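Chains, contacts and geometry: an overview
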Amino acid sequence: MTQEVLLAAWHDHLAQSRRRSPHTVRAYGAAARRLVQRLELASWDAVARLDTAALRGQLAARRAEGLANASAARELSALKGFVGFARNQAGLPAAGAPRLRGPRIKKGLPRPVTPDEAVNLANTVHALAADDWIGARDRAVLLLLYGAGLRIAEALSLRSSDLPLGERLSVTGKGGKQRVVPILPIVAEAVTDYTAKLPFMLANDDLLFRGARGGPLSQGMVQKATARARTVLGLPATATPHALRHSFATHLLGAGADLRSLQELLGHASLGSTQIYTKVDSASLLETYRTAHPRESGD
């Protein structure tokens with residue numbers, strides 16, 4: 001076996017089995033190539049038996065080249081993934097993979113869009129869509145992210161059994177953790193508009209948001225639609241679907257919501273995750289949300 005065979009298999013695994021982005025495939029592939037070339041590895045068994053010291057040495061060599069913390073963390077993630085894949089290929093248990101913690105990365109503050117930009121983005125996504133029902137669908141998804149603070153995966157996991165949307169919605173987030181989020185009238189109306197235009201029949205517990213051919217809607221399609229809309233509006237590349245969730249949090253905190261209540265709304269496991277937005281800590285949740293959220297009135 002040659003190094004090129006190893007690297008090609010790793011590339012295919014990332015692109016096809018894991019469905020990673022082209023950028024991630026390139027970065028992770030490059031990290032694996034540097035490892036096998038530096039240590040002269042040419043078999044799955046050789047890669048699979050690398051220990052923590054070997055990965056630490058590879059990372060040290062990269063840091064000596066001037067690699068910053070964020071890039072070093074990504075490099076380590078790629079190497080651990082590559083070794084884990086090699087262990088699987090070699091028939092070795094995953095439990096024996098090397099354990100090594102990456103460098104600490106300071107979390108940056110989110111880059112929110114303004115309230116008007118958020119709604120304009122949702123409306124422009126609708127206007128640019130090839131079909132009216134697809135535009136209504138994407139608008140509804142984006143308003144769920146901005147108006148209810150959902151993660152995109154959470155919005156796309158909603159089912160027909162969640163309809164009709166009332167003033168509150170129960171959502172299952174990361175780790176199976178459930179939370180309740182308020183639903184603004186503008187959000188409920190957008191979802192109702194979408195379901196009225198949907199050309200497919202929904203069974204009792206089907207996923208709510210459907211792709212053009214009737215299958216489940218993918219995150220990538222929403223991201224592509226958002227990218228087209230932000231270009232038309234002249235918004236920066238940071239105006240992504242996830243930025244709408246950031247904006248939800250930032251605007252509520254600016255209006256007086258307290259951190260612990262916002263932690264519950266966002267479904268964060270720890271308060272530390274919520275604190276990246278601000279150090280503000282004040283009044284009550286639901287009343288603040290209803291009276292002060294930038295888009296509560298729906299205009």
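Residues numbered from 1 in each chain as written. Predicted model: local features only at pLDDT ≥ 70, side-chain atom pairs only at ≥ 80, totals over all residues. Heavy atoms only, no water.

Within an unreviewed UniProt entry, the label attached to the chain reads Tyrosine recombinase XerC, and the organism entered is Qipengyuania benthica. Database annotation for the chain, UniProt heading Subcellular location (unreviewed entry): "Cytoplasm". You can read under Sequence similarities (unreviewed entry) in the UniProt record for the chain the words "Belongs to the 'phage' integrase family. XerC subfamily." (UniProt positions renumbered as here; feature names shortened; annotations may be inferred.)

1. Overview of unusual backbone geometry
Pro-164 follows Leu-163 through a cis peptide bond whose omega is -10°. Tracing the backbone through its elements, the reader meets Pro-164 in the loop between helix H8 (152-156) and strand E1 (168-172). (Helix = DSSP H or I, 4+ residues; strand = E, 2+ residues; numbered from the N terminus.)

2. Here's the deal with the pattern of salt bridges
Applying the stated criterion across every chain, the model contains 10 salt bridges. Residue Arg-62 pairs with Glu-75 through a salt bridge whose shortest N-O separation is 3.2 Å. Here Arg-62, found in helix H4 (residues 52-64), pairs with Glu-75, found in helix H5 (residues 69-89); they are 13 residues apart in sequence, far enough to count as distant. Given a relative accessible area of 13%, Arg-62 falls into the buried group. Owing to a relative accessible area of 4%, Glu-75 belongs among the buried residues under this scheme. The residue Asp-132 makes a salt bridge to Lys-197 at a minimum N-O spacing of 2.8 Å. One end of the pair, Asp-132, is in helix H7 (residues 132-148); the other, Lys-197, is in helix H9 (residues 185-197), with 65 residues separating them in the sequence. Looking at Lys-197, the relative accessible area reads 30%, which means it is partly exposed. Among the ionic contacts, a cluster of salt bridges with common partners joins Arg-34, Arg-62, Glu-65 and Glu-75. (Salt bridge = Lys/Arg side-chain N within 4 Å of Asp/Glu carboxyl O. Buried < 20%, exposed > 50% of the residue type's maximum accessible area, 1.4 Å probe, protein only.)

3. Re the environment of Ser-21
With respect to the helices and strands, the residue Ser-21 is situated in the loop between helix H1 (3-17) and helix H2 (22-39). A C-alpha to C-alpha distance of 10.0 Å links Ser-21 and Gly-220, two positions 199 residues apart in sequence.

4. Some thoughts on the pairing of strand E2 (residues 178-182)
For E1 and E2, the ladder comprises 5 bridges, and the chain directions are antiparallel. Bridge pairing in E2 links Thr-172 to Gln-178. The hairpin turn running from E1 into E2, its antiparallel successor, is 5 residues long, and Gly-175 in that turn takes a positive phi close to 70°. (Pairing = 2+ DSSP bridges.)

5. Considerations on the packing of H2 against H4
For the pair H2 and H4, interaxial distance at closest approach is 11 Å and the crossing angle is 105°. As summarised for this structure, H2 and H4 are arranged roughly perpendicular, according to the angle between their axes. For the pair formed by H2 and H4, the contact residues are Arg-34, Leu-35 and Arg-38 on the first element and Gly-57, Gln-58, Ala-61 and Arg-62 on the second. Partitioning the contact of H2 with H4 into residue classes produces 2 nonpolar, 2 polar and 3 charged. (Axes fitted to C-alpha atoms, helices over the stretch in contact; angles between N-to-C directions. Parallel < 35°, antiparallel > 145°, perpendicular 65-115°, else oblique. Contact = heavy atoms within 4.5 Å. Nonpolar A, V, L, I, M, F, W, Y, C, P; charged D, E, K, R; others polar.)

6. A few points about the environment of Arg-56
Along the chain, the position of Arg-56 falls in helix H4. Judged by relative accessible area, Arg-56 falls into the partly exposed class, the value being 48%. Separated by 20 residues in sequence, Arg-56 and Leu-76 have C-alpha atoms that sit 8.7 Å apart.

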